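Here's the letter readout for the chains.
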Amino acid sequence: MVQETRFVAANLIWPIFVIEGTNRREPIHSMPGVERLTVDLAALAAEEAANLGIGAIAIFPVTPQEKKTEDGRHACDSKNLICETTRAIAAKTGNRIGIVCDVALDPYTSHGQDGLLRDGYVVNDETIAVLCEQAVNQAKAGATLIAPSDMMDGRIGAIRDALDESGFQHIGIMSYAAKYASSFYGPFRDAVGSAKNLASGDKKTYQMNPANSEEAIREVELDISEGADIVMVKPGMPYLDIVRRLHDSFPVPVAVYQVSGEYAMLKFASQANALNEQSVVMESMLAFRRAGASAILTYYAKQVGQWLAE
Ligand code: PBG
């Protein structure tokens, strides 16, 4: 009766990795239990997630190396993996689960950066033009929520305008607003195969310094003024103070991303019998809700949905 916070499957967003082909799944060694799925299997997974009442699924494409280019043009191809997967999931689930499409160029660039590279520097404004095209491409395929994770400045307003002009006024924007230049993203870069493209590069010129908290307020203020419907904090557990600050400071829903490195920590420690997996994972969900998050992106989403259903 007096418990202050709870969570349900509808609070969860399940990120999945998609590969070309049919009826094939690949393990990801740095994320045991998470697999790359072909489009057909991704649609089946979305159906299962919808049946568990999970709020949304977030699609991350693993682009074959030969389709990656300096300018990441494949992001705007209507037949790319994220669009094919979006159409397949929408066809299978109707509107029973949200479909989140990630806007950023890193799955498509030969250098692994989220934006266009000029003289070794990621250029903000030129990148935004491509991101707008990428977002409209995803909306046409059936995305229900566009999620820019690129961290360019001013992209939320530009993407909002581009969506509106193309007749997608009803599509929401979930902004990765406070996204830190974190080392907890390592396993994700293995999963989507961008680690070797990025090589020794980093994303510190556009992602946030982990030392900063005031800057998160400025980033979020800008994104909300430009039209963000939901603002995200990423990573999750090491950044709960940021979730709390944003929740207290702004009247918009806050999402939090329990990233690949956090998943790996919980999974490997559980496999070593150092932690009880179910208890720690469920506790981490409560912690996100207690800090003020409405939506939680987690690779554990389906598993949590199943535990909740038991
Ligand atoms: C890139 C992107 C990243 C993640 C989601 N989108 C990695 C990065 O910024 O390099 C990380 C997710 C995770 O670690 O689980 N646009």
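Scroll up for the structure.
Summary of the structure given here. Per chain, residues are indexed from 1 in the order of the written sequence. Given that this is a predicted model, residues contribute local features only at a pLDDT of at least 70 and side-chain atom pairs are listed and counted only at 80 or more, while totals for whole chains, interfaces and linings are drawn from all residues. As a rule here, side-chain values cover all heavy atoms of the structure and leave hydrogens and water aside.

1. Concerning helix H8 (residues 240-249)
- Taken as a whole, H8 has its buried residues at Leu 240, Ile 242, Val 243 and Leu 246. Taken around the axis of H8, the buried residues stretch over an arc of 155°, which confines them to a single face. Only protein chains enter the accessibility calculation, which uses a 1.4 Å probe. A residue is then buried if its area is under 20% of the maximum for its type, exposed if over 50%, and partly exposed in between. Here a helix means four or more residues in a row that DSSP labels H or I, a strand means two or more in a row labelled E, and each is numbered from the N terminus. This arc is taken over the directions from the axis of the helix to the C-beta atoms.

2. A look at the site of the ligand
- The immediate surroundings of the ligand are formed by 17 residues, with Arg 189, Lys 203, Lys 234, Ser 260 and Tyr 299 found nearest.
- Definition of a polar contact: a pair of N or O atoms within 3.5 Å, with one able to donate and the other able to accept a hydrogen when the atoms are protein atoms, and with sequence-neighbouring residues admitted only if both atoms are side-chain atoms. Here Lys 179 contributes a side-chain N or O atom positioned 2.8 Å from an oxygen atom of the ligand.
- Interatomic distance of 3.4 Å between a side-chain N/O atom of Lys 234 and a nitrogen atom of the ligand.
- Accessible surface area values rest on a Shrake-Rupley calculation with a 1.4 Å probe, where residue burial reflects the displayed protein chains alone. Within the complex, the protein chains bury 100% of what would otherwise be the 410 Å² of accessible surface of the ligand.
- Of the pockets mapped on this structure, the ligand occupies the largest cavity.
- In the shell around the ligand, the residues fall into 7 nonpolar, 3 polar and 7 charged. Definition of nearness: a residue and a molecule or strand are near each other if at least one heavy atom of the residue lies within 4 Å of the molecule or strand. A cavity, in this analysis, means grid points on a 1 Å lattice covering only the protein atoms where a 1.4 Å probe fits yet has no way out; a pocket is instead an open set bounded by protein on both sides within 12 Å along at least five of seven lines, and a residue lines either one if it has an atom within 4 Å of a point. The way we define it, a molecule is inside a pocket or cavity when more than half of its atoms are within 2 Å of that pocket's grid points. Residues are grouped as follows: Ala, Val, Leu, Ile, Met, Phe, Trp, Tyr, Cys and Pro are nonpolar; Asp, Glu, Lys and Arg are charged; every other residue, Gly included, is polar.

3. So, the packing of aromatic side chains
- Ring pairs shown here join Phe, Tyr and Trp side chains whose ring centres sit within 6.5 Å, with only the six-membered ring taken for Trp; geometry is labelled stacked below 30 degrees between planes, edge-to-face above 60, and tilted in between. Scanning all chains against the criterion turns up 9 aromatic pairs.
- Ring centres of Phe 17 and Tyr 299 lie 5.7 Å apart, and the angle between their planes is 15°; this geometry places the pair in the stacked category. Taken together, the residues span a long stretch of sequence, with Phe 17 in strand S1 (residues 12-19) and Tyr 299 in the loop between strand S12 (295-298) and helix H11 (301-309) at a distance of 282 residues.
- Residue classification places Tyr 299 among the buried positions, given a relative accessible area of 6%.
- Cluster of aromatic residues (ring-pair linked, three or more members): Phe 17, Phe 60, Tyr 176, Phe 188, Tyr 257, Tyr 263, Tyr 299 and Tyr 300.
- Positioned above the aromatic ring of Tyr 185 is the side chain of Lys 179, whose terminal nitrogen or guanidinium carbon lies 5.6 Å from the ring centre.
- One Lys or Arg, Lys 234, reaches over the ring of Tyr 185 and ends 4.7 Å from the middle of that ring. In this scheme, Lys NZ or Arg CZ marks a charge over a ring once it lies within 6 Å of the ring centre and within 35 degrees of the ring normal.

4. Description of the nonpolar core
- Within this scheme, the nonpolar core is defined by two criteria: the residues are buried Ala, Val, Leu, Ile, Met, Phe, Trp, Tyr or Cys, and they are joined through side-chain atoms within 4.5 Å. Formed by 113 residues in total, the largest nonpolar core has its most connected members in Phe 17, Ile 159, Leu 163, Met 174, Leu 246, Tyr 257 and Val 304.
- Residue contributions to this core peak at 8 residues, all from helix H3 (residues 124-141).
- It only takes one pair of heavy atoms within 4.5 Å for two residues to be counted as in contact. In this structure, Met 174 is in contact with Ile 13, Val 100, Leu 145, Ile 146, Ala 147, Pro 148, Ile 230, Met 232 and Ala 255, ignoring residues within four places of it in sequence.

5. Focus: the side chain of Asn 197
- Relative to the elements of secondary structure, Asn 197 occurs in helix H6 (residues 195-198).
- By relative accessible area, which is 12% here, Asn 197 ends up buried.
- Side chain to side chain, Asn 197 and Gln 65 meet in a polar contact 3.1 Å long.
- Excluding residues within four positions of it along the chain, Asn 197 makes contact with Gln 65, Lys 68, Thr 109, Ser 110, His 111 and Gly 112.

6. Let's talk about helix H9 (residues 260-271)
- With 12 residues, H9 extends 16 Å between its outermost C-alpha atoms, agreeing within 8% with the 16 Å of an ideal straight helix rising 1.5 Å per residue.
- Taken residue by residue, H9 has Ser 260, Gly 261, Glu 262, Tyr 263, Ala 264, Leu 266, Lys 267 and Ser 270 as its buried positions.
- Packed against the buried residues of H9 are helix H5 (186-191), strand S11 (254-258) and helix H10 (277-291). Helices are assigned an expected span. That span is 1.5 Å times one less than the residue count.

7. Here's the deal with the layout of surface pockets
- If you add up the space inside the largest pocket, you get close to 400 Å³.
- As for the largest pocket, its lining consists of 22 residues, and the residues nearest its centre are Trp 14, Gly 33, Val 34, Glu 35 and Lys 302.
- Those elements that place two or more of their residues in the lining of the largest pocket are S1, strand S3 (35-38), helix H1 (39-51), H9 and H11. Grid points are joined across faces, edges and corners, and a volume is the space filled by probe spheres set on the points.

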